[in-house]
Amino acid sequence: MGVSRRTLLGGAVALTGAAVALRAPWVADATAPTTTASPFTLGVASGDPTPDGVVLWTRLAPDPLAPDGLGGMPSRPVLVEWEVAADAGFRAPLARGSAVARAEDAHAVHVEVAGLRPAAEHFYRFRVGTEISPVGRARTAPAPGARVDRFAFAIASCQSRPDGYYNAHAAIARDDLDLVAWLGDYIYESAAVGVPGRAHLPAREAVSLADYRLRHGQYRSDPDLQAAHAAAPWAVTIDDHDVENNWAGDVSQVDDEPDNDPAVFRARRADAYRAFWEHMPLRRAQRPQGPEMRMHRRLTFGDLLDLHLLDTRRYRTDQDPKRPRDRARTMLGAEQRAWLTTALAGPTARWNALGQQVFFSPRDLTAGPATGLDEDSWDDCAAERDALRDHLVAARTPNPVILTGDVHAAHACDVRADFTDPSSRVVATELVTTSISSGGNGSARGAGDAALLAENPHIRFVDRRRGYVRNVVTPREWRADFQVLDTVSTRGAPARTATSVVIPDGDPGARA
Ligand SMILES: [Fe+2]
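Parameters and conventions
- Residues numbered from 1 in each chain as written.
- Predicted model: local features only at pLDDT ≥ 70, side-chain atom pairs only at ≥ 80, totals over all residues.
- Heavy atoms only, no water.
- Helix = DSSP H or I, 4+ residues; strand = E, 2+ residues; numbered from the N terminus.
- Rg over C-alpha atoms; globule rule 2.2 N^0.38 Å.
- Buried < 20%, exposed > 50% of the residue type's maximum accessible area, 1.4 Å probe, protein only.
- Donors = N, O, S within 2.8 Å, 3.2 Å for Na, K, Ca; no water.
- Tetrahedral: all angles 85-135°; square planar, octahedral: opposite > 155°, others 65-115°.
- Salt bridge = Lys/Arg side-chain N within 4 Å of Asp/Glu carboxyl O.
- Pairing = 2+ DSSP bridges.
- Axes fitted to C-alpha atoms, helices over the stretch in contact; angles between N-to-C directions.
- Phe/Tyr/Trp six-rings, centres within 6.5 Å; stacked < 30°, edge-to-face > 60°.
- Domains from an automatic or database assignment.
- Contact = heavy atoms within 4.5 Å.
- Buried area = accessible area lost by both parts, 1.4 Å probe.
- Expected span 1.5 Å × (residues − 1).
- Polar contact = N/O pair within 3.5 Å; in protein donor to acceptor, adjacent residues only side chain to side chain.
- Parallel < 35°, antiparallel > 145°, perpendicular 65-115°, else oblique.
- Left-handed = near helix turned anticlockwise from the far one by under 90°.
- pLDDT = per-residue confidence, 0-100.
- Core = buried A, V, L, I, M, F, W, Y, C linked by side-chain atoms within 4.5 Å.

Per an unreviewed UniProt entry, the recorded name for the protein chain is Alkaline phosphatase D family protein, and the organism is Actinomycetospora chibensis.

The following block contains the structure:
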């Protein structure tokens, strides 16, 4: 598919959405920041690849821990040039353009590049004045319907920075992946990391826009996290701690705090969403409008994989243990559920992944005849969960694989046609990634895991160390490598495979 350079450049100008004249690459007349420090302390990222493009992200922040959350930048707009090439040395440039970083966006830029070749490796970088960013790498998605022989992607979630080092991200950066699917808890609102000489860093919970920006700036300063972003495009969704622990809809978790007022909580969520969007490689379609942000969307990778990213926080019924678990309870909300069920019933790729947050399969957490369920899971909305599973069967959705985060432990589950009948047919597979760091080191088995596996025979595997899941998908099988770390207490520990689960094409279930 031939695309002229002129077309590429014209598209680039249109995509910046700003009245910036195109200029030759790396001309040093950009309105450079007055600081002498590099503005690229937060690295670069790419996201949401399509067959002809990808989002390129950076944020200018010579001092990402500046007390006002504005990264040490002046309030004026700054011109940022970007370049995409076929090689890391940028001898074969494919597209270039410029974008304006504005103070109201904390000087973040999101460039939606188009006109690239499908299923191709690309390299990108930014420049402001004489400062050049690190180089990132991004593969575009395969063309629609194109035969894809292999697609490798990680699922990961939950990176509480005070809890440990990002050794898992260093491993992800080395894995040569096509994509990282991020399932939520990019930051934790509850805990800051102390930094010598930076007494202003909020030891309290993040609640304001400046707080959330500072928290993102602090997390994103980590070199291993930056390496994982630079190595592959990410497709991100959001979970509770990106705003507040266990929030649901317009309801804060804490009944006796001022933000239990829905209007107060919506204002807080708007600030959290805004800082989240500023720091993520997301398209304009995901840009929040006040307290609203559309996270649910589908990414397609040729004929092999459809990845449906979901939001199980914004539209859900409040987690109130005093209310009955009736059929009206919802995790997805009507609009997202209708979108998902329509997508799963239409033409789809060979494998259909649902990237979402909370545990899908039932979990009886009480040993013995009594049943104890976790309200922050799909057990809290069991009727909707079972209806979604039945829809996968009725619509003959090929090879459904549910991808889950949130619980800080790796699991692999058989999703059965009847959860109350252990002999019923397995109709889907659930793969649950552990945390990157949240919870500290953990161990292969927890004290209650023998009982958990005995009470829940559809749970085939559990591991409570830190890590991620590396998925290698082919037309014949989906292999999930559960990658674990011995420690996150020191930086540099390697990841290794605790177990691999193989799902043959057309034969769901978690065979460890
Ligand atoms: Fe978490």
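Back to the text.
So what about the overall build of the protein chain? Which residues, and what values?
Secondary structure assignment for the protein chain yields 8 helices and 21 strands. Against the globule reference of 24 Å for 512 residues, the protein chain gives a C-alpha radius of gyration of 22 Å, in line with a compact fold. With the C-alpha coordinates aligned to their principal axes, the bounding extent of the protein chain is approximately 75 × 55 × 45 Å. Residue burial in the protein chain is summarised as follows: out of 512 residues, 58% are buried.

Help me get a handle on the coordination of the iron ion, residues and values and all.
At the metal site, the iron ion is ligated by C158 (SG), D185 (OD), Y188 (OH) and H408 (NE2), and these contacts range over 2.0 to 2.5 Å. One can describe the site at the iron ion as irregular: its 4 donor atoms subtend angles covering 86 to 172 degrees at the metal. Here the donor residues of the iron ion share one chain and are spaced in sequence as C-x26-D-x2-Y-x219-H. Highlighted residues: D185 in the loop between strand 10 (179–182) and helix 3 (209–220) and H408 in the loop between strand 15 (400–404) and strand 16 (410–416), separated in sequence by 223 residues. Exposure remark for D185: the relative accessible area of 0% places this residue in the buried category.

Can you tell me about the pattern of salt bridges, naming the residues and giving the values?
On inspection of all chains with the given rule, the structure shows 47 salt bridges. Between E112 and R283 there is a salt bridge; the shortest N-O distance is 3.4 Å. Highlighted residues: E112 in strand 5 (residues 108–113) and R283 in the loop between helix 5 (262–279) and strand 12 (297–301), separated in sequence by 171 residues. Taking the relative accessible area as the measure of exposure, R283 reaches 16% and is therefore buried. With a closest N to O distance of 3.0 Å, R266 and D250 form a salt bridge. Of this pair, R266 sits in helix 5 while D250 sits in the loop between strand 11 (234–236) and helix 5; the two residues are 16 residues apart in sequence, bridging distant segments of the chain. Residues joined in a network through salt bridges with shared partners are D239, D240, R313, R316, D376 and D406.

Describe the sheet that holds strand 14 (residues 351–355), listing the residues and the values that go with them.
With mixed pairing, the 7 strands of this open sheet are ordered in space as 12-13-14-15-17-16-18. In the strand order of this sheet, the two ends are held by strand 12 and strand 18 (459–463), each with one partner. Strand after strand, the sheet turns through a mean of 20 degrees between neighbouring axes, direction not considered. As paired elements, strand 13 (residues 305–309) and strand 14 share 5 bridges and run parallel to each other. In the sheet register, H308 faces strand 14, and the bridge partner there is L354.

Could you give an account of the packing of aromatic side chains, naming the residues involved and the relevant values?
The full count for this structure, using the stated rule, is 12 aromatic pairs. Relative to W478, the ring of F153 lies with its centre 5.7 Å away and its plane at 80 degrees, an arrangement referred to as edge-to-face. Taken together, the positions of F153 in strand 9 (residues 151–156) and W478 in strand 20 (residues 477–485) put the pair 325 residues apart, joining distant regions of the chain. The pair formed by F153 and W478 is uniform in burial state, with each residue classed as buried. Between W247 and F265, the aromatic rings sit 5.7 Å apart at their centres with planes inclined by 45 degrees, giving tilted as the arrangement. Here the residue W247 occupies a position in the loop between strand 11 and helix 5, and F265 occupies one in helix 5, the gap between them amounting to 18 residues. Both residues of the pair, W247 and F265, count as buried.

A description of the domain arrangement of the protein chain should follow, citing residues and the corresponding values.
For the protein chain, the assigned domains read domain 1 (1–138) and domain 2 (150–189 + 225–237 + 295–512). Listed as interface residues are 15 residues of domain 1 and, on the opposing side, 15 residues of domain 2. Surface buried jointly by domain 1 and domain 2 totals about 980 Å² across both partners, of which 43% is contributed by carbon and sulfur atoms. A per-residue breakdown of the area domain 1 buries against domain 2 is headed by D48, P49 and R137, which together make up 55% of the total. A salt bridge links R297 to D48, with the shortest nitrogen-to-oxygen separation between them at 2.6 Å.

For helix 5, give the residues involved together with the corresponding values.
With 18 residues, helix 5 should cover 26 Å at 1.5 Å per step; its first-to-last C-alpha distance of 25 Å lies within 8% of that length. Where helix 5 is concerned, the buried positions are F265, R268, R269, A270, A272, Y273, A275, F276, W277, E278 and H279. Close packing links the buried residues of helix 5 with strand 2 (53–59), strand 5, helix 3 and strand 11. At the N-terminal end of helix 5, a side-chain oxygen is found 2.9 Å from the backbone nitrogen of A263, two or three residues along, and the residue is D261.

Could you give an account of the side chain of N471, naming the residues involved and the relevant values?
Within the fold, N471 resides in strand 19 (residues 467–473). In terms of polar contacts, N471 uses its side chain to reach the side chain of W478, at 2.9 Å. In contact with N471, not counting residues within four places along its chain, are F151, A152, F153, A154, I155, L431, W478, R479 and A480.

I'd love a proper account of the packing of helix 6 (residues 334–345) against helix 7 (residues 382–394), names of residues and values included.
For any two helices packed against each other, one specifies the crossing angle of their axes together with the interaxial distance. Contact geometry of helix 6 with helix 7 gives a least axis separation of 10 Å together with a crossing angle of 20 degrees. One finds that helix 6 runs roughly parallel with respect to helix 7. Judged by the twist between their axes, the crossing of helix 6 over helix 7 is right-handed. Residues R337, L340, T341, L344 and A345 of helix 6 pack against E384, L388, H391 and L392 of helix 7.

So, the confidence of the model for the protein chain: which residues are in play, and what are the values?
Residues with a pLDDT of 70 or more make up 91% of the protein chain, whose mean pLDDT is 90. Confidence over residues 1–35 falls short of pLDDT 50; this stretch has 62 contacts with residues more than four positions distant or in other chains.

Could you give an account of the nonpolar core, naming the residues involved and the relevant values?
Counting residues in hydrophobic clusters, the biggest one holds 41 residues, and the most contacted among them are I172, Y186, W234 and F276. When residues in this core are grouped by element, the largest group, 6 residues, is from helix 5. Residues within four places of Y186 in sequence aside, it is in contact with Q159, H216, Y219, R220, L225, H229, W234, D242, F276 and M280. Core analysis: the second largest hydrophobic core is formed by 31 residues, I155, L183, L309 and A353 among them.

I'd like a rundown of the pairing of strand 17 (residues 426–432), residues and numbers included.
Counting buried positions along strand 17 yields 7 of 7 residues, so the element is predominantly enclosed. As paired strands, strand 15 and strand 17 are joined by 4 bridges and run parallel to one another. If you follow I402 over to strand 17, its bridge partner there is E430. Relative to strand 17, strand 16 is paired through 6 bridges, and the arrangement is antiparallel. Considered in strand 17, the bridge of V415 is made with A428.

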